[in-house]
Amino acid sequence: MDRVSAFDEPLKKLLGGATAKVMADHLDLHTVGDLLHHYPRRYEERGRLTALTDLPLDEHVTVVAQVADARVLTFNGGRGKRLEVTLTDGHGRLQLVFFGHGVHKPHKDLLPGRRAMFAGKVSVFNRKMQLAHPTYQLLDAAFADDAGATEAVDAFAGKLLPIYPACKQLDSWRIAKAVDAVLPSAQDAVDPLPDALREGRGFTSLPEALLKIHRPQTKADVAAARDRLKWDEAFVLQVALARRRFADTQLPAVARRPAPDGLLDAFDAKLPFTLTDGQLKVTKEIFDDLATEHPMHRLLQGEVGSGKTMVALRAMLAVVDAGGQAAMLAPTEVLAQQHHRCITEMMGELAEGGMLGGSDQGTKVVLLTGSMGTAARRQALLDLVTGEAGIVIGTHALIEDKVKFHDLGLVVVDEQHRFGVEQRDALRSKGKQPPHLLVMTATPIPRTVAMTVFGDLETSVLDQLPAGRSPIASHVVPAKDKPHFLTRAWERVREEVENGHQAYVVCPRIGDDEDDPAKKKGKKKTAEEEATADKRPPLAVLEIAEQLAKGPLSGLRVEVLHGRMQPDDKDDVMRRFAAGEVDVLVATTVIEVGVNVPNATAMVIMDADRFGVSQLHQLRGRVGRGSAPGLCLLVTEAHEASPARARLSAVAATLDGFELSRIDLEQRREGDVLGQAQSGVRSSLRVLSVIDDEEVIAAARQEAVTVVAADPELEHLPELRTALDALLDKDREEYLEKG
């Protein structure tokens, strides 16, 4: 078998169809290479027990523990049986529960004093942490009755026990067994690191690193393997990004320099405030890029409300001044309409070029969305193709084939993570030459993530808030433990409205028939179902709005806003809310970005634990936009010890978006950095932590730039090219291509 194809071998050939199917469906592992790169999450020492006191709720865990006691209880008049087993690590305790016919074998196996590995999902029942129906493997060869278990225990005797990222359908120890079957193929690993780099940094060979990460003899083995594998991941990814950046510098673009005494100067003269130092610094970086003859690729990130739209608008005006057109792509119609309204208001008569009463220096600013009427749409398309409209703001409707530009010079993408790369690429292809690209994100990104995910974009950061923004106080409201806190939350909303302000109430779900989970009616839950019950469905806009209007907020003007309303209705509600004709807006996350109503001072987020950290920070940024202080209340029923509550406390404790994005990243653990968040494809990062390994990423980036500058096509580094093909499969390569 040749060196490359050993890693491409499908798992079903070596492991059998059933195991391979579970690995493919639940762990996204398809080939020998995939499994060899599925590294242990951690290692247990044979004689030591897992700390049971800090297990994460709602997560699938594997623990090594000792049985303290076991007892069979009956219920339903003796017809039902339940086995309760208490595990101990000498400090904390964890309860296991087995039901029905499933109690016989564990009752025989799990005698007090025995040690075993247990795997299952951590839940809370009667205020106690438990695993319902866990799988287990005894760790004493004398007790392990099936041949496979005895073999596995013998193999691990005295060594570190690797604990793999597992799933309900496949335990860690079964994955370990599968790894044993493919481990000989590690000898065929193609080493991507250039020899000089590997020797210079004193790294172990790749085959040896794979062997040591899966079957370490000592902790030093694990450390050496991790160091080497982290470098591979960081380096191969940074080479891909460096090649992308290098290719961009070879593309032609039209340099766009603003004309003196033109549209930009006329706009600046109208501004009722001065730009912050941060805005001026970032603007200089952007204008310098626009003046070059290859396309700008810049990421503009900043805190909620730091004035990114103003910076982007001035860049668009500079391009119009230079004879080009600028397009701003927004993720939703609500946001596109909001941007259009905001920009035309800021520009005044300068946005009415060629119209009666418009300025001679002005241009036309048009809106293009999917739901526009035929006549308005036809006029907008005509204004674009003739060049009458210097600025267009729209949703993905801008990308359709019918849309033609006179001379597209700049594309601004708002909230980058909401757009598929294909869509950005399609818009980019509408210029005669590649247009300049400015990506705005309101979710601050830690430096390491920016280097890893957006490594092909230059980064500008706005970390200064404009004068006049008010502080926002945030508090967690534990509705289940302290219902009177929720009562007080609604009183606070009434107080804000009585003081002439407005409020948002945010819910995770709309609540119409389309998104309602099927409800089981009339059927009483069994004890087993009670113990393993899933959470109730998330709270819904339509239900909460009705309850509030009839109950704690009766007499106030309460309206709803959600994504399935007709666009005209949405716009109407937003206009009336902005005009102060609505007191309380009950909405889904359609208000998450860009919505700007300075008079709204309070926000209550229902089921706040159902939202991510960055999303909560975004939502909170909708209040405190005027001179009055903002208030954000995070309502939750999450258990006090749960990761969800820890997340909410972190959000309440700081307004620093960069700090929160770091916390968000840490909490996502094996979640994805390169992949799903950006492009829907699986990440290649297995051991590299973008939080902890900043030095590795920075050093790998430097080495990658050197390698690519010397050999852009990697002609003299075939192994690196092979690794690039394997790690950056077709989807991911295209994602990088489209940036």
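Residues numbered from 1 in each chain as written. Predicted model: local features only at pLDDT ≥ 70, side-chain atom pairs only at ≥ 80, totals over all residues. Heavy atoms only, no water.

## Some words on the overall build of the protein
Each helix and strand in the protein was counted, giving 28 helices and 21 strands. Put simply, the protein has 739 residues, and 53% of those count as buried. Expressed as a percentage of contacts within the protein between residues at least 6 apart in sequence, the contacts between residues at least 24 apart total 74%. Carbon and sulfur atoms make up 51% of the accessible area of the protein, which totals about 32,400 Å². (Helix = DSSP H or I, 4+ residues; strand = E, 2+ residues; numbered from the N terminus. Buried < 20%, exposed > 50% of the residue type's maximum accessible area, 1.4 Å probe, protein only. Contact = heavy atoms within 4.5 Å. Areas by Shrake-Rupley, 256 points an atom, 1.4 Å probe, with all protein chains shown as cover.)

## Quick look at helix 20 (residues 541-550)
All buried positions along helix 20 are accounted for by Val-541, Ile-544, Ala-545 and Leu-548. Relative to the axis of helix 20, the buried residues are bounded by an arc of 100 degrees and lie together on one face. Opposite its buried face, helix 20 presents the exposed residues Gln-547 and Lys-550, each directed more than 90 degrees away. Structurally, helix 20 contributes buried residues whose contacts are with helix 18 (483-498), strand 17 (502-506), strand 18 (558-561) and strand 19 (584-587). (Arc of directions from axis to C-beta.)

## Section: the pairing of strand 19
Every second residue of strand 19 is oriented toward a common face, with Val-584 and Val-586 on one face and Leu-585 and Ala-587 on the other, all of them buried. Note: strand 17 against strand 19, 4 bridges, orientation parallel. Within strand 19, the residue paired with Ala-503 across the bridge is Val-584. Sheet topology places strand 18 next to strand 19; 4 bridges connect them, and they run parallel. In the sheet register, Glu-559 faces strand 19, and the bridge partner there is Leu-585. Between the parallel elements strand 18 and strand 19, the chain passes through helix 21 (residues 567-578) in a crossover that is right-handed. (Pairing = 2+ DSSP bridges. Right-handed = clockwise from strand over helix to strand, strands pointing away.)

## A look at helix 26 (residues 694-710)
For an α-helix, 3.6 residues make a turn, and residues three or four places apart therefore share a direction. The end-to-end C-alpha separation of helix 26 is 25 Å, in line with the 24 Å expected for 17 residues at 1.5 Å each. Of all the positions in helix 26, only Val-696, Ile-697, Ala-699, Ala-700, Ala-704, Val-707 and Val-708 are classed as buried. Angularly, the buried residues of helix 26 cover 165 degrees about the axis, an arc narrow enough to put them on a single face. Across from the buried face of helix 26, at angles greater than 90 degrees, the exposed residues are Glu-695, Gln-702, Thr-706, Ala-709 and Ala-710. (Expected span 1.5 Å × (residues − 1).)

## So, the nonpolar core
Ranked by size, the top nonpolar core spans 40 residues in total, and within it Ile-286, Met-316, Met-347, Ile-391 and Leu-410 carry the most contacts. A total of 10 residues in this core trace back to one element, the largest contributor, which is helix 13 (residues 308-321). In contact with Met-316, not counting residues within four places along its chain, are Ala-326, Met-328, Ile-343, Ile-391, Leu-410 and Val-412. (Core = buried A, V, L, I, M, F, W, Y, C linked by side-chain atoms within 4.5 Å.)

## Topic: the environment of Asp-463
Mapped onto the elements, Asp-463 comes out in the loop between strand 15 (458-462) and strand 16 (472-478). A C-alpha to C-alpha distance of 9.8 Å links Asp-463 and Gly-307, two positions 156 residues apart in sequence.

## Concerning the pairing of strand 5 (residues 115-125)
Relative to strand 5, strand 2 (residues 60-75) runs antiparallel, the two sharing 7 bridges. Note that in strand 5 the partner of Val-63 across the bridge is Phe-118. Note: strand 5 against strand 7 (residues 135-138), 4 bridges, orientation antiparallel. Residue Ala-119 lies in a different strand from strand 7, and its bridge partner there is Thr-135. Remark: 2 residues form the turn of the hairpin made by strand 5 and strand 6 (residues 128-132), two consecutive strands paired antiparallel; Asn-126 in that turn has positive phi of roughly 50 degrees.

## Thoughts on the sheet that holds strand 14 (residues 436-441)
Within the open sheet, the 7 strands sit side by side as 11-12-10-13-14-9-15. Their pairing is parallel. Of all the strands in the sheet, the pair left with one neighbour each is strand 11 (364-368) and strand 15. Strand-to-strand twist across the sheet, computed as the mean angle between neighbouring axes with direction ignored, equals 20 degrees. In the packing of helix 13 onto the sheet, contacts are made with strand 9 (297-302), strand 10 (325-329), strand 12 (389-394), strand 13 (408-414), strand 14 and strand 15, and the angle to strand 13 comes to roughly 170 degrees. Docked against the sheet, helix 15 (residues 374-386) engages strand 10, strand 11 and strand 12, running at close to 130 degrees with respect to strand 11. (Axes fitted to C-alpha atoms, helices over the stretch in contact; angles between N-to-C directions.)

## Some words on the pattern of salt bridges
Oppositely charged side chains can pair when the atoms bearing their charge come close. Taken as a whole and assessed by the stated rule, the structure comprises 39 salt bridges. Residue Arg-488 pairs with Glu-491 through a salt bridge whose shortest N-O separation is 3.3 Å. With Arg-488 and Glu-491 both in helix 18 and 3 residues apart, this pair spans about one turn of that helix. Given the relative accessible area of 39%, Glu-491 is considered partly exposed. For Lys-550, the salt bridge is made with Glu-546, and the minimal N-O distance between the two is 2.9 Å. (Salt bridge = Lys/Arg side-chain N within 4 Å of Asp/Glu carboxyl O.)

## Re the confidence of the model for the protein
A residue-level look at the protein finds 85% of positions with pLDDT of 70 or above and a mean pLDDT of 83. Below pLDDT 50 for its whole length, residues 517-522 participates in 2 contacts with residues either more than four positions away or in separate chains. Every residue in residues 735-739 scores below 50 in pLDDT, and together they form 21 contacts with partners more than four places removed in sequence or on other chains. (pLDDT = per-residue confidence, 0-100.)

## Some remarks on the environment of Ser-172
Tracing the backbone through its elements, the reader meets Ser-172 in helix 7 (residues 172-182). Judged by its relative accessible area of 0%, Ser-172 falls in the buried class. Counting along the chain gives 110 residues from Ser-172 to Thr-62, while the straight-line C-alpha distance between them is 7.1 Å. In this structure Ser-172 touches Thr-62, Pro-162, Ile-163, Tyr-164 and Ala-166, once residues within four positions along its chain are discounted.

## A look at the sheet that holds strand 19
Reading across the sheet, the 6 strands line up as 16-21-20-17-19-18 and stay open at both edges, with parallel pairing between neighbours. Each edge of the sheet is formed by a strand with only one pairing partner; in this case those strands are strand 16 and strand 18. On average, each strand axis in the sheet is tilted by 20 degrees relative to the strand beside it, whichever way the strands run. Pairing analysis gives 4 bridges linking strand 20 (residues 600-605) to strand 21 (residues 630-636), with the strands arranged parallel. Its bridge partner lying in strand 21, Ala-602 is registered against Leu-631.

## Comments concerning the environment of Gln-187
With respect to the helices, strands and loops of the structure, Gln-187 is situated in the loop between helix 7 and helix 8 (195-200). Note on Gln-187: relative accessible area 54%, which makes it exposed. Along the sequence, Gln-187 and Glu-208 sit 21 residues apart, while their C-alpha atoms lie 7.9 Å from each other.

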